[in-house]
Amino acid sequence: MFSLKEECDIKPIDGKMLQMTLWESDQLIVPRKQGNSCGGKGLARVRCDDRDTPATHRGGVEVSTKLTSITQRAREDPECKFTSLAHLLNEDFLKECFRELKRNKAPGIDGVTVKEYEEHLDENIEDLVTRLKAKRYRPKPVKRLYIPKPNGERRPLGIPAVEDKIVQMAIKKILEAIFEQDFVDVSYGFRPNRSCHDALDKIDKIIRAKPVNYVADMDIAKFFDTVDHECLMECLKLRIVDSSLLRLIGRFLGAGMMEEGKYFETNKGTPQGGILSPVLANIYLHYALDMWFEKVVKTQLKGFAQLVRYADDFVVCFQYGDEAKVFEAALRKRLDKFGLKISEEKSRIIEFGRGACQKARRQGRKCETFDFLGFTHYCDRSRTGRFKVGRKTSGKKFRQKIMEMNLWLKHVRNITELKEWWLVLRQKLIGHYRYYGMSGNMRWLQKYYHQTVKLAFKWINRRSQKRSYNWDQFKRFLAFNPLPQPKIYHSTYTRYK
């Protein structure tokens, strides 16, 4: 750690200057045909030429090609049911999935890390495939952990073992190859080539370009903890009839959890933290919500309506307020059939849009706002006086992020040298800017930057009984070792035709 004298000697801590500017039916919406509508196997056989493909990669390339074939068939025939999928879980495919695992994640109940598993990778994968083929593979219970939520509650997480993560990754790839062709454009959460910013940009375009006067901001209460296993398996059977793969997924759902050394059975829910949970959640809500809205709700409405969903959090834009209220009542009945409930605290219908903004001005009041994906959306005007959707960091999220930064700086200040954790601090700021750096949010990015600088100054001077810097010295330190400045990474204010 720097001595007091070294710390007051203002200079770049890494030896060089840095330049930084920085979304009512009594039944599921399902395909009509039952049975194997495709006939025969659920995928085409694809050969790999030994002369063109090295032996060490042949299996992985073959599975990748078969997944492409599955994707094509699922896209061409929406009523196709796949009968043979479990055989794709071979050694090369599982090794490929292993290489995609993140190395710095917490281990499961067995305590085995990714690095330790890799030391005997060939033997471990060979044994895993043997057990999968013999149907002797049993997923281990997930390790239950909790993280704090802004409202004071705790969010439960389920940490699978490394071996289970590998199998989950493989099943995830297979499910995505099939169901991604069925998913509608209203869903954005945990899907390939889609992000939170795509969902936010979609909402911006809808409200600005469509006759939107009401917004239903909805959230499903404890969704990942209340997913009905039997209903989820029925959803999967609409596209998959491979009993081996379905049995394997069922074992993951019923693996249970370990908390403080005690085992608990799981009769419902998909643990947050598992690789397989997001795609299973999307499949569940695809049939419970997305298809129902597109095929049933929209056909019965007179005005405009559009759903935008990210995981279990979704927004529905309406032209007419009475239709929004009818939708809310129908939604409660719909979700109840799937064992789900609307969160009363987080769900509401508000007046929002171009007409609502003009109405509020005539009445001399402010427009209502709603929060979605960490941003507060409000009615605003452009420099030319035209209506636009304003967006800023949610107050709750901002306070949460500042609290997290404060705790991190307090924790790290004496664990490692300043020059090491200062680099991490830079990356944390850039990460914040990359998510919250959207058009119109510069003021709140600057607030976050200035608060972070003040916290850094505070905790640098609390590493010992003596102060390391006064404010003038710290400003000089920042001049030589600058932190990334706020930057807008995502522009949404574009011209609409």
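The text that follows walks through the structure, step by step, so that each part is easy to find. (Residues numbered from 1 in each chain as written. Predicted model: local features only at pLDDT ≥ 70, side-chain atom pairs only at ≥ 80, totals over all residues. Heavy atoms only, no water.)

The next thing to look at is the sheet that holds strand β9 (residues 370–372). An order of β9-β10-β11 is seen for the three strands of this open sheet, with the pairing classed as antiparallel. Each edge of the open sheet is held by one strand with a lone partner, namely β9 and β11 (387–393). Along the sheet, successive strands turn relative to each other by an average axial angle of 40°, direction set aside. As defined by bridge partners, strand β10 (residues 375–381) adjoins β11 across seven bridges and the pair is classed as antiparallel. Paired with F375 across the two strands is T393, which belongs to β11. Packed on one face of the sheet, helix α7 (residues 196–209) meets β9, β10 and β11 and runs near 150° to β11. (Pairing = 2+ DSSP bridges. Helix = DSSP H or I, 4+ residues; strand = E, 2+ residues; numbered from the N terminus. Axes fitted to C-alpha atoms, helices over the stretch in contact; angles between N-to-C directions. Contact = heavy atoms within 4.5 Å.)

The next point concerns the packing of aromatic side chains. Throughout the structure, instances matching the rule amount to 25 aromatic pairs. Between the aromatic rings of F190 and Y310, the centroid separation amounts to 5.8 Å while the plane-to-plane angle is 45°, which identifies the pairing as tilted. Of this pair, F190 sits in the loop between α6 (162–179) and α7 while Y310 sits in strand β6 (residues 305–310), and the two are 120 residues apart along the sequence. Using a relative accessible area of 42% as the deciding quantity, one classes F190 as partly exposed. Taking the centre distance of 5.2 Å and the plane angle of 50° together, the rings of F457 and F474 count as tilted. You can see F457 sitting in helix α16 (residues 442–460) and its partner F474 sitting in helix α17 (residues 471–480), a full 17 residues away along the chain. (Phe/Tyr/Trp six-rings, centres within 6.5 Å; stacked < 30°, edge-to-face > 60°. Buried < 20%, exposed > 50% of the residue type's maximum accessible area, 1.4 Å probe, protein only.)

Tracing the chain through its elements places D219 in strand β3 (residues 214–219). Excluding anything up to four places from it in sequence, D219 contacts D312, D313, K341, I342, S343, K346 and S347.

Attention now moves to the packing of helix α11 (residues 277–300) against helix α12 (residues 321–336). Taken N-terminus to C-terminus, the directions of α11 and α12 make an angle of 135°; their axes are 11 Å apart at the nearest point. On the basis of the axis angle, α11 is oblique to α12. The two elements α11 and α12 cross, and the hand of that crossing is right-handed. Taking contact as the criterion, the partners of Y287, A288, L289, W292, F293 and V297 in α11 are, on α12, F327, A330, L331 and R334. A class-by-class count of the residues in the contact of α11 with α12 yields nine nonpolar, no polar and one charged. (Parallel < 35°, antiparallel > 145°, perpendicular 65-115°, else oblique. Left-handed = near helix turned anticlockwise from the far one by under 90°. Nonpolar A, V, L, I, M, F, W, Y, C, P; charged D, E, K, R; others polar.)

By the secondary structure assignment, H377 is in strand β10. When its relative accessible area of 0% is taken as the criterion, H377 is described as buried. In this structure the side chain of H377 is engaged in a polar contact, spanning 3.4 Å, whose partner is the backbone oxygen of F375. Leave out the neighbours within four places in its chain, and H377 touches L200, F352, E368, T369, F370, F372, V389, G390 and R391. (Polar contact = N/O pair within 3.5 Å; in protein donor to acceptor, adjacent residues only side chain to side chain.)

The next point concerns the sheet that holds β3. The antiparallel open sheet is built from four strands, whose spatial order is β6-β7-β3-β8. In this open sheet, the two edge strands, each paired with only one partner strand, are β6 and β8 (348–351). The sheet shows a mean angle of 15° between the axes of neighbouring strands, taken without regard to direction. Across four bridges, β3 lies against β8 in antiparallel orientation. Paired with D217 across the bridge in β8 is R348. Contacts from α12 reach β3, β7 (313–318) and β8, with the element oriented near 145° to β7.

All we've got here are geometric facts, nothing functional implied.
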